[in-house]
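Remarks on the overall topology
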Amino acid sequence: MTIVPSSLEERGRILRELGFATRRVGDELHGRARITPEMHAPGTGALRTSVLATWADTVSGLLASLVMAPRVPVTLELDVNLYRPAPGAGEVHAVGRTVKVGRSVFVAEVEFSVDAEPIALSAASFMVAPDPDVQLPPRLSVELASTGERLPMPLAERARCERIGPGTVVLPRSMEGLNASDTINGGLIALAAEEAVLSLAPGDSLCFLGLRYLLGARVGPVVADARLHAGLGRVELRDTGNDNRLTTLATARIFGG
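Note that the structure is predicted; figures quoted are calculated from it, not measured.

Here is what the cut-offs are and how they apply
Residues numbered from 1 in each chain as written. Predicted model: local features only at pLDDT ≥ 70, side-chain atom pairs only at ≥ 80, totals over all residues. Heavy atoms only, no water. Helix = DSSP H or I, 4+ residues; strand = E, 2+ residues; numbered from the N terminus. Rg over C-alpha atoms; globule rule 2.2 N^0.38 Å. Buried < 20%, exposed > 50% of the residue type's maximum accessible area, 1.4 Å probe, protein only. Contact = heavy atoms within 4.5 Å. Lys, Arg positive; Asp, Glu negative; His and termini not counted. Charge placed at Lys NZ, Arg CZ, Asp CG, Glu CD. Core = buried A, V, L, I, M, F, W, Y, C linked by side-chain atoms within 4.5 Å. Patch = residues over 30% accessible without salt bridge, like charges linked within 9 Å, V, L, I, M, F, W, Y side chains within 5 Å. Areas by Shrake-Rupley, 256 points an atom, 1.4 Å probe, with all protein chains shown as cover. Salt bridge = Lys/Arg side-chain N within 4 Å of Asp/Glu carboxyl O. pLDDT = per-residue confidence, 0-100. Pairing = 2+ DSSP bridges. Polar contact = N/O pair within 3.5 Å; in protein donor to acceptor, adjacent residues only side chain to side chain. Axes fitted to C-alpha atoms, helices over the stretch in contact; angles between N-to-C directions. Parallel < 35°, antiparallel > 145°, perpendicular 65-115°, else oblique. Left-handed = near helix turned anticlockwise from the far one by under 90°. Nonpolar A, V, L, I, M, F, W, Y, C, P; charged D, E, K, R; others polar.

**Brief notes about the overall build of the protein chain**
Secondary structure summary: the protein chain contains four helices and 12 strands in total. Against the compact-globule benchmark of 18 Å for 257 residues, the protein chain has a radius of gyration of 17 Å, which places it among compact chains. Relative to its 257 residues, the protein chain shows a buried fraction of 52%. A separation of at least 24 residues holds for 67% of the contacts in the protein chain among residues at least 6 apart in sequence. In the protein chain, 26 side chains carry a positive charge and 29 a negative one; their mean positions are 3 Å apart.

**So, the nonpolar core**
Soluble globular proteins: nonpolar side chains tend toward being buried together. Counting residues in each nonpolar core, the largest one holds 68 residues, and the members touching the most others are Leu47, Leu52, Trp55, Phe112, Leu171, Val235 and Leu237. Residues Val72, Ala129, Val134 and Leu136 belong to the second largest nonpolar core, which totals five residues.

**So, a nonpolar patch on the surface**
Residues Leu66, Val67 and Val101 make up a contiguous nonpolar surface patch of about 250 Å² in total accessible area. Within the secondary structure, valine 101 is located in strand 4 (residues 91-101).

**Considerations on the confidence of the model for the protein chain**
Mean pLDDT over the protein chain works out to 92, with 96% of the residues at or above the 70 mark. Within the model, pLDDT remains below 50 along residues 1-8, and this stretch shows 22 contacts once partners closer than five positions in the same chain are excluded.

**Description of unusual backbone geometry**
Note the cis peptide between alanine 69 and proline 70, where omega equals 10 degrees. Relative to the assigned elements, proline 70 resides in the loop between helix 2 (49-68) and strand 3 (73-82). In this chain, glycine 220 is followed by proline 221 through a cis amide linkage whose omega measures -5 degrees. Looking at the secondary structure, you find proline 221 in the loop between strand 9 (206-213) and strand 10 (222-229). Positive phi outside glycine occurs at alanine 116, with the angle close to 70 degrees. Phi at aspartate 243 takes a positive value of approximately 60 degrees, unusual for a residue other than glycine. By the secondary structure assignment, aspartate 243 is in the loop between strand 11 (232-239) and strand 12 (245-254). Its relative accessible area of 63% is what places aspartate 243 among the exposed residues.

**Overview of the pattern of salt bridges**
What the rule picks out here adds up to 15 salt bridges. Two residues, glutamate 28 and arginine 97, come together in a salt bridge whose shortest N-O distance is 3.0 Å. A residue pair is termed long-range when its members are at least 10 positions apart, and glutamate 28 in strand 2 (residues 28-34) and arginine 97 in strand 4 qualify at 69 residues. Here glutamate 236 makes a salt bridge to arginine 234, at a shortest N to O gap of 3.1 Å. Shared partners join several salt bridges into a network, and the residues in it are Arg13, Arg16, Glu17, Glu149, Arg158 and Glu176.

**Concerning the pairing of strand 4**
Where strand 2 lies against strand 4, six bridges are found, and the strand directions are antiparallel. Its bridge partner lying in strand 4, leucine 29 is registered against glycine 96. Note: strand 4 against strand 5 (residues 106-114), nine bridges, orientation antiparallel. The residue of strand 5 that forms the bridge with valine 92 is valine 114.

**Considering the side chain of threonine 75**
The topology assignment puts threonine 75 in strand 3. On the accessibility criterion, threonine 75 (7% relative accessible area) is buried. Within the structure, the side chain of threonine 75 is placed 2.8 Å from the side chain of aspartate 57, a separation counted as a polar contact.

**Details of the packing of helix 2 against helix 4 (residues 186-198)**
Packing of helix 2 against helix 4 brings their axes to within 8 Å, and their N-to-C directions diverge by 160 degrees. Between helix 2 and helix 4, the crossing angle belongs to the class labelled roughly antiparallel. Taken as a pair, helix 2 and helix 4 cross one another with a handedness that is right-handed. Touching Thr49, Ser50, Ala53, Thr54 and Asp57 of helix 2 are Gly186, Gly187, Ala190, Leu191 and Glu194, all from helix 4. Looking at the contact of helix 2 with helix 4, its residues break down into three nonpolar, five polar and two charged.

Here it is as structure tokens:
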């Protein structure tokens, strides 16, 4: 999830440059952000599905923090389903709702729209971070104001997420890409998975992205390896600096498939 401790200005800066803001509306958490060309999937005029995944993780994670604070919520699973290729301009609106508050797992859903037209649905589940010493800031607010920062370059370039071969990308660890549990932000993990699949389908975008977060990426760099068959992709993401441990399994489907 995307939570930025005030004591570490650089932490999570890449995600703040997406310009996402949130506010509480009753029991819901609403979010909004304006699409910029730097958020487009390469070679398309469509918003990246991984950006929607990042915003879904933010909204769902903030809702989870209302229940789990002061402990840090950790994303277990997250998926995004698109009705059609996302638009490349306009303001995205997100509406997040709590689905379940259990003893060990929290579940939320998020609906996305642009100009009142639905574009995607997301669901996510969370657990409490196993380390009790990792805690949220005492004055954490779920209402995030837009900082005015914007991506100065395409998102993958900004995150230094590099394609090194067909189906393979490398994502380094940096302070600007960390979350509250000191691991690589789940939104950037989603970006790496998306890039790995799109490297096998140039000029396309994802209609589905599902992520199972198995282990926090603490050391890096993360290497994502994808294979694609009949439009369906499978991605393994490993923390090469931590004994090459498997951190995330992702499934994706391209629109062209």
